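# Notes for the structure review
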Amino acid sequence: REVEAAVATAEKNLAAGKNLDAHEDLERVREAQYTLRRGAKVPYFMDDLTAFHSAMEKLVGAVAVKTPATLSDADLASVRLAYDAADRAWQDVLANRARAAQHGVAGEKLAAVQAQIDVETRTLAEVKAALAAGDRAKVIEKSIATKPAFSKLFSMFGDFASATGA
């Protein structure tokens, strides 16, 4: 029922031209499927990405409206916790990266996926280095940079040409 409700709400939001809201509605479907597969212990690479996505959003959220001057010591401690959670989730992505081939990517596209995984790995290393140095400006910059790096990776698994009619 939760999935049906999310899809129905997404359809209404699409019809109203609220594409971002529809996207958020459909994330509930992905999360529900994730929960079912994890509960059944079904290994699925996209679930590793989903787990990281959630942790990465918390990392980005911890710095989203901050400046180096407003990022307090308490905020920095929250960022460290969020980074640790994101890093743990990312380690699962790295451990299972060979499974990406099970999702319809091969050849050059698979090489691009693997290269983008490396980009996100470097971005997370930059967050870690900024945290270790106590460089608030870099902590903010590099934490926020995890999102576009991940979004590019995640979108490599979609067929957006068929969705847009291209």
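For the structure given in this document, a descriptive report is provided here.

## Description of the overall build of the chain
Scanning the chain from N- to C-terminus turns up 7 helices and 0 strands. Going residue by residue from the N terminus, the α and β elements of the chain occur as α-α-α-α-α-α-α. The principal-axis extents of the C-alpha atoms in the chain amount to approximately 45 × 40 × 35 Å. Out of the 166 residues in the chain, the part that is buried amounts to 34%. Only carbon and sulfur atoms are counted for the fraction: they give 57% of the accessible area of the chain, which is about 9400 Å².

## Topic: the side chain of D75
Looking at where D75 falls in the secondary structure, it is placed in helix 4 (residues 73–95). Here D75 is in contact with K66 and T70, once residues within four sequence places are set aside.

## Observations regarding the nonpolar core
Counting residues in each nonpolar core, the largest one holds 32 residues, and the members touching the most others are F52, L153 and F157. In this structure, L153 is in contact with L49, W90, V113, Q116 and I117, ignoring residues within four places of it in sequence.

## Thoughts on the pattern of salt bridges
On inspection of all chains with the given rule, the structure shows 11 salt bridges. One salt bridge in this structure joins R136 and D73, with 2.4 Å as the shortest N-O distance. A residue pair is termed long-range when its members are at least 10 positions apart, and R136 in helix 6 (residues 136–155) and D73 in helix 4 qualify at 63 residues. The class of R136 is partly exposed, set by a relative accessible area of 22%. With a relative accessible area of 59%, D73 lands in the exposed category.

## A few points about the packing of helix 1 (residues 2–15) against helix 2 (residues 19–39)
Remark: helix 1 packs on helix 2, axes separated minimally by 8 Å, with the N-to-C direction vectors making an angle of 165 degrees. By the angle class used here, helix 1 and helix 2 are roughly antiparallel. Crossing of helix 1 over helix 2 shows left-handed handedness. In this structure, helix 1 uses E2, V3, A5, A6, V7, T9, A10, N13 and L14 to contact helix 2, whose residues at the interface are N19, D21, A22, D25, L26, R28, V29 and A32. Residue composition of the contact of helix 1 with helix 2, grouped by class: 10 nonpolar, 3 polar and 4 charged.

## Structural notes on helix 6
If you check helix 6, its first and last C-alpha atoms are 30 Å apart, about what 20 residues at 1.5 Å a residue would give, namely 28 Å. Buried residues of helix 6: V139, I140, K142, S143, T146, A149, F150 and L153, and no others. In this fold, the buried residues of helix 6 make contact with helix 3 (45–63), helix 4 and helix 5 (107–133).

Reading the values: rules and limits
- Residues numbered from 1 in each chain as written.
- Predicted model: local features only at pLDDT ≥ 70, side-chain atom pairs only at ≥ 80, totals over all residues.
- Heavy atoms only, no water.
- Helix = DSSP H or I, 4+ residues; strand = E, 2+ residues; numbered from the N terminus.
- Buried < 20%, exposed > 50% of the residue type's maximum accessible area, 1.4 Å probe, protein only.
- Areas by Shrake-Rupley, 256 points an atom, 1.4 Å probe, with all protein chains shown as cover.
- Contact = heavy atoms within 4.5 Å.
- Core = buried A, V, L, I, M, F, W, Y, C linked by side-chain atoms within 4.5 Å.
- Salt bridge = Lys/Arg side-chain N within 4 Å of Asp/Glu carboxyl O.
- Axes fitted to C-alpha atoms, helices over the stretch in contact; angles between N-to-C directions.
- Parallel < 35°, antiparallel > 145°, perpendicular 65-115°, else oblique.
- Left-handed = near helix turned anticlockwise from the far one by under 90°.
- Nonpolar A, V, L, I, M, F, W, Y, C, P; charged D, E, K, R; others polar.
- Expected span 1.5 Å × (residues − 1).

In short, shape yes, function no, at least from these values alone.
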